[in-house]
Each structure stands twice: as structure tokens, then as C-alpha cells.
There are 2 protein chains.
Amino acid sequence: MKLTILGCHSATPRTNTNPTAQILEIKNHMFLIDCGEGTQVELRRNKVKFARVKHIFISHLHGDHYFGLVGLISTFRLLTRETELHIYAPKGLKEVITIQMKLSNSWTNYPLVFHELTSKKTQLIYEDDKVEVHTIPLDHRIYTNGFLFKEKENERKLKMNAILKANINIAYYRKLKQGADVENDDGVLIKNKDVTKDPIPAKSYAFCSDTAYNESIIPIIKEVSVLYHESTFLDKNEALCIPTKHSTAKQAATIAKKANAGTLVLGHYSTRYDGYTAFKTEAQTVFENVLLAKDGKSFEF
Amino acid sequence: MKLTILGCHSATPRTNTNPTAQILEIKNHMFLIDCGEGTQVELRRNKVKFARVKHIFISHLHGDHYFGLVGLISTFRLLTRETELHIYAPKGLKEVITIQMKLSNSWTNYPLVFHELTSKKTQLIYEDDKVEVHTIPLDHRIYTNGFLFKEKENERKLKMNAILKANINIAYYRKLKQGADVENDDGVLIKNKDVTKDPIPAKSYAFCSDTAYNESIIPIIKEVSVLYHESTFLDKNEALCIPTKHSTAKQAATIAKKANAGTLVLGHYSTRYDGYTAFKTEAQTVFENVLLAKDGKSFEF
């Protein structure tokens, strides 16, 4: 699982800070999460192959999370894309994009599918045989969802020496990987646990931005491997969180701790601060395993 | 008169090429012409004071000419702008911007005034005591206007030695600047031309992008000081101009020559070409005084 931060700053794009966008590589998918202005250029800068982006998840319709989307959709068209593109976003975005395509008389030559979100409860919005994606209802000034990306359980690993010794036919390997007991060539029942090892644990990633401190997300993201939680402000500016419905680094860490997350990644920093090490220091007073998002940085998990 | 090119490339923004946007400084105005994605970052990079931008002119609703506008409007709001902002653009843009403000529940705290254009004939769309702006109907795939920015005639210059010798009262200087003959203190009529010099010639700038070769614009831009004319293609790719309704460098130069322009600035280059010197060479076979637009470059006229 690999996370590439294309942008992790709040509010407006500047010469050296990009608004929110990130690429999550998980089980051969390249999921684009949020798409602030300039995202298509950051995708190029980070050498992401455009054709591999097939699913885009938009948290909410504040500009710093989606103003780059219409340009990306338009560029895909100019590059004569044929692959389907699925967009998961709050209701309203389809209208915004459609009206702009209509005005420019530029319809996509690839299938563009909108999955408009309106539910205030967590929902399964994408699933295949390797991965599922659930919404995480957040508490922000407008309708907002985070997204939980979960690998499905991996297959059990074969202990080849034990299998050969037990005289199991190759036709049963598939069943063994799936956890079943099988008969060997002599008709003896072989216990699965004697000839297989536990699988690599399934990984998960929760994207939670933008949101006020919100304990109701904890049951949804419980035991998540990696939690990206916004930390717009430092604790000393906590008062700003109330009108803006954002979080401090300390609050993000508290959520990570209560959810028993593996790693916390902080981002969506306000531009009022000069550096970001204070965010890490503050979060680590509550939760040890903290990373700082940075534009152009990749993390492998 | 100063022209700053923020972006001069066609189609999609890339890591080292920006879509169309430019700032024209004329008679203390800072007019923003077109606003492709990333324009607000380019304004910062070129140290343009946001508050000085009060009028934005959008040629047409293809994304590479306006996708940066909604972000700029939104950033002005975040920066607590109070100054009026006027936008001159094809009908439809107001709806695009309004729907996005509604969805984000983020209305501007400054007056935002849309001047929607629909006429296919040239129109005076802005005027004050120093400058006027006219549309230039262009021939593109969708409704498109260029813009002609004209300084008004400057005042005549006083020949002070002659004025003192002629014994003219200071109360008449204003009239002299405006070109009138006046009586001197002895009641003798003094001819204006004997005591004043011709004014600095009024300058003008015509922005013509995007457009196919279109001779009908010549009467509108006749004698223009500086003509920015798109040259998406070179002559060897002239066939591409027909379906796309763009121009070659040679066609741009032909328009400049027939309009008797002072200087031709080329831009809106297709990304298919490696360098741009061939555009200048080609245009100069028809018209001598050619400049190449380049992102981040300023020209003083």
C-alpha cells in the first residue's frame, strides 16, 4: 500500500503549497482522493499514469478539494482516454461538471460515471474481489465524507514442505489457500493449519478531511492501518476549530489513539504556520506513530 | 503599457507550460485576460497585487481559458477582498460560478458583477476617462470574443516657452491641452498649434485567441499598437486549423500586416512542437515586428 501526497494544504493554492489531493495505490488500484486546483500538473510531476486512475473520490465541495477535477476530466478527453472513469462525490458535482462540458461543447469520449453521495451514514460505495471502499461521515461546514479503503483478507500461505510431505494433490492448493481442510492422495483428512501459514494481514487506509473532532467516526475506522486525519490548526488555535469545523493536531492524535490506528498521517495545514514539525510534536504527546504529509512525498505501508 | 504573459499554451496545463492568462497594465488598470487553471498561482509568482485586479475578460468557455477563474474568485473571498470585481464573459459563466458558490455555501463578501456577452458584433463593454474596451468577435468552435483595449487620446503637450512669450493666462492651459485656440492677455487669438505639441500617441492592444484566420476582425483592430494573435500551429500543419478553428503563425502575421499593427505577439502554441522559434521565423516571412509570448515574460510597449 503506497500513499502519494499531491497536495496537503488548506485553502488556496500558492507557489509552493498545493491544495488536497492524494493517490492511494492499493491492490493494483490507483485511487485519486480529492482533486484541488493543479492536481493534474501534480499527477504529471509525480509521474502517475493518467490511464491508471479509474476511480476518484471527492470528500466535499469546497474548492480546495475539487476545483482541479473539471480540468482533469477535460485533459483525459484531450488525451483520447477510453477507459471508464468513476467519480464518487457529494450530490451536485455532476451538475457542475455537466454544465461546463455543455458550455464548452466538449463531451467526454470515455464513459464518465458519477456516484453521487447523500447518505449521512457509512456506506459501502465500491467493492471488488480485492478491496472495498466505505464512506466515513464527517462533521464539516458542508456535507462531507471521508473514505475507508480496506483490503479484503489475503489468502493463507502454503507451507510447501509440509504439503509435499502430506502427499496433497496440487488440485487442492486453491482450497488450502482459502482455509479449507482437504483429503490427501491416501484419503486422510489434513488439517489446514498444519500445512498453511496465516496470510499477510489485510491493510486499510482511512482518509478523514475536512472534519471537526468527531468521535462518531471511531467505530468505522477502528484498527485501521493508516489514518490520514486533517490537522488544520495547532492546539493553541483550537478556538478556530469551532467556527471552521476543523481539527487540531492533538485532536487528530486523539482520534488515532481511540481508534487504535497503526499510523497517523497529518495534513491540511493552515498556511498561518511557518513549519509543520510542531504538528508532529503536538500529536505525539497523545499518539506515538505520527507522520507529516508533504506535497510530493510518498509513504509505503 | 505593459503585458505580462502568465500562460500562453494551448490545451492542458503541464509542469512547465500554463494555459492562457495575461495581465495588461494600461492607464493604471490591471486587466486580467483569460484565466486558465493555475492562474492564481501565476499571479502570485509574478507578484501581481490581487486587489489591483478589478476587471477580468474571458474570451470563451473552453477550459484552458477559464478553469482557474472559480478558484481565483474563491481565493479573493478568503483574502477578505472588499473591492468590486467585474467579469466580462460569454453567457453561461455566471451560472457555472454561482452553482459552485451555492454548493460550497461560500458567497463572496465583495461585489461580484458579471457582464455576460452574447453579441456577435463588436461592442463597447467598458469605458472610463482613460481607456475603452471593445469586443472582437472571433471565429472559433464556440462563441468567442477577443478584446481591444484602447487608450483615449492623450492631451496635447504645452510648449512653455512659446506660451510665456505669447502672454497666455494660466487659466487657459487646460483648454490648450484639449486643442483649443485661446486669446492672450492682449486680446489676440493664439493658434493652438503654435503653442502646443502633438500628444503621445494613444496605445492600443488587441487580444485575439482562440480563432481561425478571420479577416473580418481587421477593420476593428486597424492600426492597433500591439496585436496578440493565437498561432496554435505552424504552416506545415495548416490542415489542423480547419477542424479546430485555430490559426498558423503565418496566418497571424497576415492579419497583423493587413491590420497594419505595430507589433505582433504570438502565443497559444500547440504542445506538439518542441521549441517556438519556428513560429517567429514563419511569421516574419509576412510581417517583420514579431515577438514570442512566453510564460512569465513581460513586454513594455
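Here, every reference points to the structure presented above.
Residues numbered from 1 in each chain as written. Chains lettered and ligands numbered in written order. Predicted model: local features only at pLDDT ≥ 70, side-chain atom pairs only at ≥ 80, totals over all residues.

Details of the sheet that holds strand β2 (residues 21-26) of chain B
Each strand in a sheet pairs with its neighbour through backbone hydrogen bonds, running either in the same direction (parallel) or in the opposite one (antiparallel). Residue and element names in this part refer to chain B. Applied cut-off: The criterion for strand pairing is that DSSP finds at least two bridges linking the strands in question. By the criteria applied, helices consist of DSSP H or I runs no shorter than four residues and strands consist of E runs no shorter than two, each listed in order from the N terminus. All axes are obtained by fitting lines to C-alpha atoms, using only the stretch in contact for helices, and the reported angles, taken between N-to-C directions, cover 0 to 180 degrees.
The sheet built from seven strands is open, its strands ordered β6-β5-β4-β3-β2-β1-β18 with mixed pairing. With one partner strand each, in any of the chains shown, β6 (112-117) and β18 (298-300) form the two edges of the open sheet. Along the sheet, successive strands turn relative to each other by an average axial angle of 20°, direction set aside. Taken together, the three bridges between strand β1 (residues 2-7) and β18 define a ladder with antiparallel strand orientation.

Observations concerning the interface of chain B and chain A
In plain terms, the rule: By the convention adopted here, residues are in contact when the distance between their C-beta atoms, placed from the backbone, does not exceed 7 Å. Amino acids outside the nonpolar list (Ala, Val, Leu, Ile, Met, Phe, Trp, Tyr, Cys, Pro) and the charged list (Asp, Glu, Lys, Arg) are all regarded as polar, and Gly is one of them.
Listed per partner, the contact involves 31 residues of chain B and 30 residues of chain A. Listed by contribution, the elements that provide at least two residues to the side of chain B that touches chain A are α1 (39-45), α2 (69-78) and α3 (93-104) of chain B. Element by element, the count of residues in the side of chain B that touches chain A is highest for α3 of chain B, at six residues. Looking at the side of chain B that touches chain A, its residues break down into eleven nonpolar, 14 polar and six charged.

Considerations on the relation of the copies chain B and chain A
The two chain copies are connected by a rotation around an axis plus a translation along it. Rules: Alignment of the copies relies on least squares applied to C-alpha atoms, considering only residues that score at least 70 for pLDDT in both.
At an RMSD of 0.3 Å, chain B and chain A line up after a rotation of 179° and a shift of 0.1 Å along the axis. Taken together, the rotation angle and the small translation identify this as a two-fold axis. For chain B, the minimum C-alpha distance to the rotation axis belongs to Gly38 of chain B and amounts to 2.9 Å. Interface overlap between copies is the fraction of interface residues in one copy that are interface residues in the other; for chain B against chain A it reaches 97%, indicating a shared surface.

As for the packing of helix α9 (residues 249-258) of chain A against helix α10 (residues 277-284) of chain A
All names here are of chain A. Inclusion rule: Roughly parallel means an angle under 35 degrees; roughly antiparallel means over 145; roughly perpendicular covers 65 to 115; every other angle is labelled oblique. We call a crossing left-handed when the near helix sits turned anticlockwise from the far one by less than a right angle, and right-handed when that turn is clockwise.
Running from amino to carboxyl end, α9 crosses α10 at an angle of 45°, the nearest separation of the two axes being 8 Å. Judged by the angle between their axes, α9 and α10 are oblique. Viewed along their axes, α9 and α10 form a crossing whose handedness is right-handed. Residue-level contacts link Ala249, Lys250, Ala252 and Ala253 of α9 to Phe279, Glu282 and Ala283 of α10. Looking at the contact of α9 with α10 residue by residue, the class counts come to five nonpolar, no polar and two charged.

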